[in-house]
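Chain and residue survey
Below, each chain spelled out in residue letters.
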Amino acid sequence: MTHAKLIRPSASFYASWLESWDEWGTLDQDGAAAFVAARYDLDLRDSSDFAAWVEVLHHLPRESFQPPGGLANQSTIWVVRDDVYLGAVSLRHSLVNEYLTEVGGHIGYGIRPSARGHGLAKFALKGALDEARELSMERVMVTCKQPNVASARTIEACGGVLERVCPPESFAPDLGVTEPILRYWITL
Ligand SMILES: CC(C)(COP(=O)(O)OP(=O)(O)OC[C@H]1O[C@@H](n2cnc3c(N)ncnc32)[C@H](O)[C@@H]1OP(=O)(O)O)[C@@H](O)C(=O)NCCC(=O)NCCS
């Protein structure tokens, strides 16, 4: 089997990306798909909207590009093997709103269910950390819900230092947090 690779989003993965979406059963996979598609009113099952979304993902890392409200400049990296889409990681360049500052942090990632347990989340997170270093970021905040053991172990394996466990009642109610959040920092 060939090795997994980290790539920039590509419309050529349309069919495989849809299969992954069906496997997940939700569009809310990695912090980029649902949120970005909603901001741009894109239906990602439509091939031309999918291509438009990929185009937006290419623009979003550019600091000269001003995304619509609530959206951070961000880099999106996909994990693929051959022509199969396996997952994604998004690096928000700055924490532009209360949700990101308190809950979401700089990095979101997701691996499709059939590809989990093979080190791909660690591979993807390390790729995002390399990107953050290239952007001269000094440290990144990475969070996960306390019961998400696989995510916590991913963060810890990549150098995450736990700052604190934040109980749901410590967040403003409109942030919609219902479980304790583990708040980590990774120094780059
Ligand atoms: C969390 C997630 C990204 C992990 O992806 P993955 O590719 O299976 O993770 P990896 O194989 O790289 O494993 C990372 C670590 O988690 C551990 N792990 C993986 N699956 C696990 C499980 N089900 N239970 C406990 N630990 C697990 C691995 O052993 C590894 O830790 P180690 O280095 O100490 O051995 C994946 O389960 C996922 O996409 N979940 C849904 C989305 C999500 O939760 N995203 C993160 C939001 S904060």
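From a predicted model like this one, the values you see are computed outputs, not experimental measurements.

**Considering the overall build of the chain**
Regarding its fold elements, the chain presents six helices and seven strands. Listing each helix as α and each strand as β along the chain from the N terminus yields β-α-α-α-β-β-α-β-α-β-α-β-β. In summary, the chain has a C-alpha radius of gyration of 16 Å against a globular reference of 16 Å for 188 residues, a match within 12%. When its C-alpha atoms are laid out on the principal axes, the chain stretches across 40 × 40 × 35 Å. Intrachain contacts of the chain at a sequence separation of at least 6 include 61% that bridge at least 24 residues.

**Observations concerning the nonpolar core**
One finds Val79, Val89, Ile107, Leu120, Ala124, Leu125 and Ala128 to be the most contacted residues of the largest nonpolar core, which totals 42 residues. Of all the secondary structure elements, the ones that give two or more residues to this core are α2 (33-39), α3 (47-59), β2 (74-81), β3 (84-92), β4 (107-111), α5 (120-134), β5 (139-145) and β7 (181-187). With eight residues, α5 is the largest single contributor of residues to this core.

**Side note on the sheet that holds strand β6 (residues 161-166)**
Paired through their backbone hydrogen bonds, the strands of a sheet run either parallel or antiparallel. On the basis of which strands lie adjacent, the open sheet formed by three strands has the order β5-β7-β6 and antiparallel pairing. Edge positions in the sheet fall to β5 and β6, since each of these pairs with one other strand and no more. The sheet shows a mean angle of 25° between the axes of neighbouring strands, direction not considered. Strand direction decides the pairing type here: β6 and β7, joined by five bridges, are antiparallel. If you follow Val165 over to β7, its bridge partner there is Leu182. Each of β5 and β7 is contacted by helix α6 (residues 149-157), which is oriented at about 160° to β5, the strand it contacts most.

**Remarks on the sheet that holds β3**
Strand order in the open sheet made by the four strands is β1-β2-β3-β4, with antiparallel pairing throughout. Taken across any chain shown, the strands that pair with only one partner, and hence form the sheet edges, are β1 (5-7) and β4. Between one strand axis and the next, the sheet turns through 20° on average, direction left out of account. Here three bridges tie β1 to β2, and the two strands are oriented antiparallel to one another. Directly across from Leu6, in β2, lies its bridge partner Val79.

**A closer look at the site of the ligand**
Around the ligand there are 18 residues in total, and Arg116, Ala121, Cys144, Ala150 and Arg153 lie nearest to it. Breaking the shell around the ligand down by element, the ones donating at least two residues are β4, α5 and α6. At six residues, α6 tops the list of elements feeding residues into the shell around the ligand. Looking at side-chain class alone, the shell around the ligand contains eight nonpolar, seven polar and three charged residues.

**Overview of α5**
For α5, with 15 residues, the first-to-last C-alpha span of 21 Å sits near the 21 Å given by 1.5 Å per residue. One or two residues past the end of α5 sits Ser136, with phi positive at roughly 60°.

**Brief notes about the environment of Leu162**
You can see Leu162 is positioned in strand β6. The contact partners of Leu162, leaving out residues within four places of it in the chain, are Leu182 and Tyr184.

**A short note on the pairing of β3**
It is a general feature of regular strands that their side chains alternate between the two faces of the sheet. Extensive coverage of β3 is indicated by the burial of eight of its nine residues. As paired strands, β2 and β3 are joined by eight bridges and run antiparallel to one another. Considered in β3, the bridge of Thr76 is made with Ser90. Hairpin connection between β2 and β3: a loop of two residues separates the two successive antiparallel strands, and Asp82 in this loop has a positive phi of roughly 50°. Here five bridges tie β3 to β4, and the two strands are oriented antiparallel to one another. Within β4, the residue paired with Leu91 across the bridge is Ile107.

Definitions and cut-offs
Positions within a chain are numbered from 1, following the residues in the order the chain's sequence is written. Whole-chain, interface and lining totals are the exception, using all residues; otherwise, since this is a predicted model, local features are given only for residues with pLDDT of at least 70 and side-chain atom pairs are given and counted only at 80 or more. Runs of E in the DSSP output that reach at least two residues are strands. Runs of H or I that reach at least four are helices, and both are numbered from the N terminus. Only C-alpha atoms enter the radius of gyration; for comparison, a globular chain is expected to reach 2.2 Å times N to the power 0.38, where N is the number of residues. C-beta atoms are placed from the backbone for every residue, and two residues are taken to be in contact when these atoms lie within 7 Å. Nonpolar cores are identified as sets of buried Ala, Val, Leu, Ile, Met, Phe, Trp, Tyr and Cys residues joined via C-beta atoms within 7 Å. Exposure in this text rests on C-beta crowding, where 20 or more other C-beta atoms within 10 Å of a residue's own make it buried, 12 or fewer make it exposed, and counts in between make it partly exposed. The C-beta atoms are placed from the backbone. Any two strands with at least two DSSP bridges between them are considered paired. Note on definitions: angles span 0 to 180 degrees between N-to-C directions of axes, and those axes are lines fitted to C-alpha atoms, for helices only across the stretch in contact. We call a residue near a molecule or strand when its C-beta atom, built from the backbone, sits within 6 Å of it. Gly falls in the polar group here, along with every residue not listed as nonpolar (Ala, Val, Leu, Ile, Met, Phe, Trp, Tyr, Cys, Pro) or charged (Asp, Glu, Lys, Arg). By this rule, a helix spans an expected 1.5 Å times one less than how many residues it contains.

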